[in-house]
Amino acid sequence: MKILIPFFIATLILNSCGSNKQETGSSVIDAPQIQNSEKPSDRISEKDFADFQNDSGVPVGIGKKEEKLPSIPFPAQDWDKKIIKTASLNIEIKDYAKYNLSLRDKVKQLGGYIAQEEESQSAYKIENILTIKVPVDQFDNAISLLSAGAENVNEKKMTSQDVTGEVMDIKSRLEAKKQVRLRYLDLLKQAKNMEEILNVQSEINDIQEEIESAAGRLNYLSHSSSLSTIQLTYYQVLNAFAKDNDKPAFGTKLSHAFRLGWDWFGELFIGIISIWPLVILLFIIFIIYRRSKSVKKRADTKLKMNS
């Protein structure tokens, strides 16, 4: 018993030391496993973290996030417009001579020209009617300059017509017609007899007429859209009391009617003289008809007398 008791105590001590050593070892071994037990999906990489930051480096959720709007490219605009602009102005002025001189200087200043002019004067007023052509980019400026210094603006009309679509369509059809003409020219070189040559040449002539017509229309639209037209009428009242005297009196109308009738009769007489061969022919036919009728009447009378 004295020997077994110390042996039993020593065995217990050794067993307790071994269990402590095993627990310590297991804790040392399991620690790295616990640290490495995180799943890859539970971690945030540097790239993911950068995506949660704004331009100042502050993570989202801390402060206010600044959003960037994507740049939207705008389509290129075609400003090559073909617009025909026209205007009509009727103004009353105070000094006709002064305005007439300044008007021509203004037209030259605008880069335009006077296409037509018609001046008239009566006891009541002196008036001038002009057709002015100015560059289309000076159209609005021209209206303002021509209206400046007017006593009264009696009429002011402006119209615009966009012919851009028509111009583009004519250009497309013109190019297509030119291509067709080239093909017919190639066929003309391959023609084997005169009949084929004439047929192909007829088609070429028709296409050439269409090309020239389209080119003329295109030139007209281009010219009309590059130069605007302004119909300007300006006048100065000379004697306001003579306004009603512009209307002709009854005697004047009567004399005018007589003169008009005489002129008409003269024209009729001249027209008859111009067809004198036909008049002579009708006169000869009439004489022959009268003579034949007279001869027939005499023959009928003789037959009655004989019977």
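Note that the coordinates shown come from a computational prediction; the quantities given were computed from them, not determined experimentally.

### Observations concerning the overall build of the protein chain
Helix and strand content of the protein chain: 8 helices and 5 strands. For the protein chain, the proportion of contacts with a sequence separation of at least 24, taken over those separated by at least 6, is 76%. Approximately 24,600 Å² of the protein chain is accessible, and the part contributed by carbon and sulfur atoms is 59%.

### Structural notes on the confidence of the model for the protein chain
Any region with low pLDDT has predicted coordinates that should not be read closely. Residues with a pLDDT of 70 or more make up 71% of the protein chain, whose mean pLDDT is 76. Looking over the protein chain, one finds the lowest element-wise mean pLDDT in helix 2 (residues 46-51), namely 47, and the highest in strand 3 (residues 125-135), namely 93. This stretch, residues 19-79, has a pLDDT under 50; its non-local contacts, to residues over four places away or in other chains, come to 14 contacts.

### Overview of the pairing of strand 5 (residues 227-237)
Burial within strand 5 is extensive, with 9 of its 11 residues counted as buried. Alignment of strand 1 (residues 83-92) against strand 5, held across 7 bridges, turns out to be parallel. Residue pairing for strand 5: asparagine 90 is matched across the bridge by threonine 233. Bridge count for strand 3 against strand 5 is 11 bridges, and the pairing is antiparallel. Across the sheet, the residue bridging to isoleucine 129 is threonine 233, located in strand 5.

### So, a negative patch on the surface
Among the surface-exposed residues, Glu203, Asp206, Glu209 and Glu212 lie close enough to one another that they form a single negatively charged patch. Classification of glutamate 203 by relative accessible area gives partly exposed; the value is 36%.

### Topic: the sheet that holds strand 5
Taken in spatial order, the 5 strands of this open sheet run 2-3-5-1-4, and their pairing is mixed. In this open sheet, the two edge strands, each paired with only one partner strand, are strand 2 (113-121) and strand 4 (152-162). Between one strand axis and the next, the sheet turns through 10° on average, direction left out of account. Contacts between helix 4 (residues 139-147) and the sheet are confined to strand 1, strand 3, strand 4 and strand 5, with strand 1 contributing the most and set at about 5° to the helix.

### Quick word on the pattern of salt bridges
Per the counting criterion, the structure on display carries 6 salt bridges. Note that glutamate 166 and arginine 217 form a salt bridge whose closest N and O atoms lie 3.0 Å from each other. Of this pair, glutamate 166 sits in helix 5 (residues 164-190) while arginine 217 sits in helix 6 (residues 194-226); the two residues are 51 residues apart in sequence, bridging distant segments of the chain. A relative accessible area of 36% places arginine 217 in the partly exposed class. The shortest N-O distance in the salt bridge between arginine 173 and aspartate 169 comes to 3.0 Å. Residue arginine 173 and its partner aspartate 169 are located together in helix 5, separated by 4 residues, close to a single helical turn. A relative accessible area of 43% means that arginine 173 is categorised as partly exposed.

### Structural notes on the packing of helix 3 (residues 96-110) against helix 4
Direction vectors running N to C along helix 3 and helix 4 enclose 165°, while the axes themselves pass 10 Å from each other. Relative to helix 4, the element helix 3 lies roughly antiparallel. Where helix 3 crosses over helix 4, the handedness of that crossing is right-handed. Facing helix 3, whose interface residues are Tyr99, Leu103, Lys106 and Leu110, helix 4 presents Asn141, Ala142, Leu145 and Leu146. Residues belonging to the contact of helix 3 with helix 4 are distributed by class as follows: 6 nonpolar, 1 polar and 1 charged.

Parameters and conventions
- Residues numbered from 1 in each chain as written.
- Predicted model: local features only at pLDDT ≥ 70, side-chain atom pairs only at ≥ 80, totals over all residues.
- Heavy atoms only, no water.
- Helix = DSSP H or I, 4+ residues; strand = E, 2+ residues; numbered from the N terminus.
- Contact = heavy atoms within 4.5 Å.
- Areas by Shrake-Rupley, 256 points an atom, 1.4 Å probe, with all protein chains shown as cover.
- pLDDT = per-residue confidence, 0-100.
- Buried < 20%, exposed > 50% of the residue type's maximum accessible area, 1.4 Å probe, protein only.
- Pairing = 2+ DSSP bridges.
- Patch = residues over 30% accessible without salt bridge, like charges linked within 9 Å, V, L, I, M, F, W, Y side chains within 5 Å.
- Salt bridge = Lys/Arg side-chain N within 4 Å of Asp/Glu carboxyl O.
- Lys, Arg positive; Asp, Glu negative; His and termini not counted.
- Charge placed at Lys NZ, Arg CZ, Asp CG, Glu CD.
- Axes fitted to C-alpha atoms, helices over the stretch in contact; angles between N-to-C directions.
- Parallel < 35°, antiparallel > 145°, perpendicular 65-115°, else oblique.
- Left-handed = near helix turned anticlockwise from the far one by under 90°.
- Nonpolar A, V, L, I, M, F, W, Y, C, P; charged D, E, K, R; others polar.

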